[in-house]
Amino acid sequence: QVQLVESGGGLVQAGGSLRLSCAASGSIFRVNAMGWYRQAPGKQRELVALMSSSGDTNYADSMKDRFTISRDNAKNTVYLQMNSLKPEDTANYYCAAGYRGATAWHIDYFGQGTQVTVSS
């Protein structure tokens, strides 16, 4: 099993920034990709960004101009820098981990989530 613990969520005004962190522990050898999904009330969970241990990234088109994913492989930690936040970015943000295959990303683990609320 892989355990994921998120931090860094909170309340921010529109136009502001937040940085989320997620630390992985446990059977780290099972994963080579980490990243973020989000789920707003009444909506399905959606991809935000993923990053492999080799640096490949997969961003949601609607967020790649404002959000930046990075990771510290030595610390088994992934980060999400969110800039120019909008009220529609309000959601529960989930850390995700899985495997970057030759043609697809496979997510096997999710954290408990951290709430991000953007006020107008």
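Refer to the structure printed above.
K.L.:
Break down the overall build of the chain for me, citing the residues and quoting the values.
P.N.:
When helices and strands are counted, the chain shows zero helices and eleven strands. Order of helices (α) and strands (β) in the chain, N terminus to C terminus: β-β-β-β-β-β-β-β-β-β-β. Relative to the 2.2 N^0.38 estimate, which gives 14 Å for 120 residues, the radius of gyration of the chain is 13 Å and therefore close to what a compact globule would have. Along the longest, intermediate and shortest principal axes, the C-alpha atoms of the chain span 40 × 30 × 25 Å. Here the chain, with 120 residues, has 43% of them falling under the buried criterion. When contacts within the chain are restricted to residue pairs at least 6 apart in sequence, those whose partners lie at least 24 apart make up 55%. On the chain, roughly 6200 Å² of surface is accessible, and the fraction owed to carbon and sulfur atoms is 44%. A distance of 2 Å separates the average location of the 11 positive side-chain charges in the chain from that of its 9 negative side-chain charges.

K.L.:
With reference to specific residues and values, describe the state of the cysteines.
P.N.:
For the structure shown, the criterion picks out one disulfide. In this model, Cys22 is linked to Cys95 through a disulfide, with the two sulfur atoms separated by 2.0 Å. An S-S torsion of about -85° defines the bridge between Cys22 and Cys95 as left-handed. Here Cys22, found in strand E3 (residues 18–26), pairs with Cys95, found in strand E9 (residues 91–100); they are 73 residues apart in sequence, far enough to count as distant. Cys95 matches Cys22 in its accessibility class, with the two residues each being buried.

K.L.:
How would you sum up the side chain of Asn92? Please name residues and give values.
P.N.:
Residue placement: Asn92 occurs in strand E9. Within the structure, Asn92 has its side chain in polar contact with the backbone nitrogen of Thr114 (distance 3.0 Å). With residues up to four places along the chain from it excluded, the contact list for Asn92 reads Tyr37, Arg38, Gln39, Gln112, Gly113, Thr114 and Gln115.

K.L.:
Could you give an account of the pairing of strand E10 (residues 105–110), with specific residues and numbers?
P.N.:
Bridge count between E9 and E10: five bridges; the pairing is antiparallel. Looking at E10, one finds that Ala97 is bridged to Tyr109. What sits between the antiparallel neighbours E9 and E10 is a turn of four residues.

K.L.:
Tell me about the environment of Tyr59, residues and numbers included.
P.N.:
With respect to the secondary-structure elements, Tyr59 resides in strand E6 (residues 57–59). Not counting residues up to four positions away in its chain, the partners in contact with Tyr59 are Leu47, Val48, Ala49, Lys64, Phe67, Thr68 and Ile69.

Parameters at a glance
- Residues numbered from 1 in each chain as written.
- Predicted model: local features only at pLDDT ≥ 70, side-chain atom pairs only at ≥ 80, totals over all residues.
- Heavy atoms only, no water.
- Helix = DSSP H or I, 4+ residues; strand = E, 2+ residues; numbered from the N terminus.
- Rg over C-alpha atoms; globule rule 2.2 N^0.38 Å.
- Buried < 20%, exposed > 50% of the residue type's maximum accessible area, 1.4 Å probe, protein only.
- Contact = heavy atoms within 4.5 Å.
- Areas by Shrake-Rupley, 256 points an atom, 1.4 Å probe, with all protein chains shown as cover.
- Lys, Arg positive; Asp, Glu negative; His and termini not counted.
- Charge placed at Lys NZ, Arg CZ, Asp CG, Glu CD.
- Disulfide = S-S within 2.5 Å.
- Polar contact = N/O pair within 3.5 Å; in protein donor to acceptor, adjacent residues only side chain to side chain.
- Pairing = 2+ DSSP bridges.

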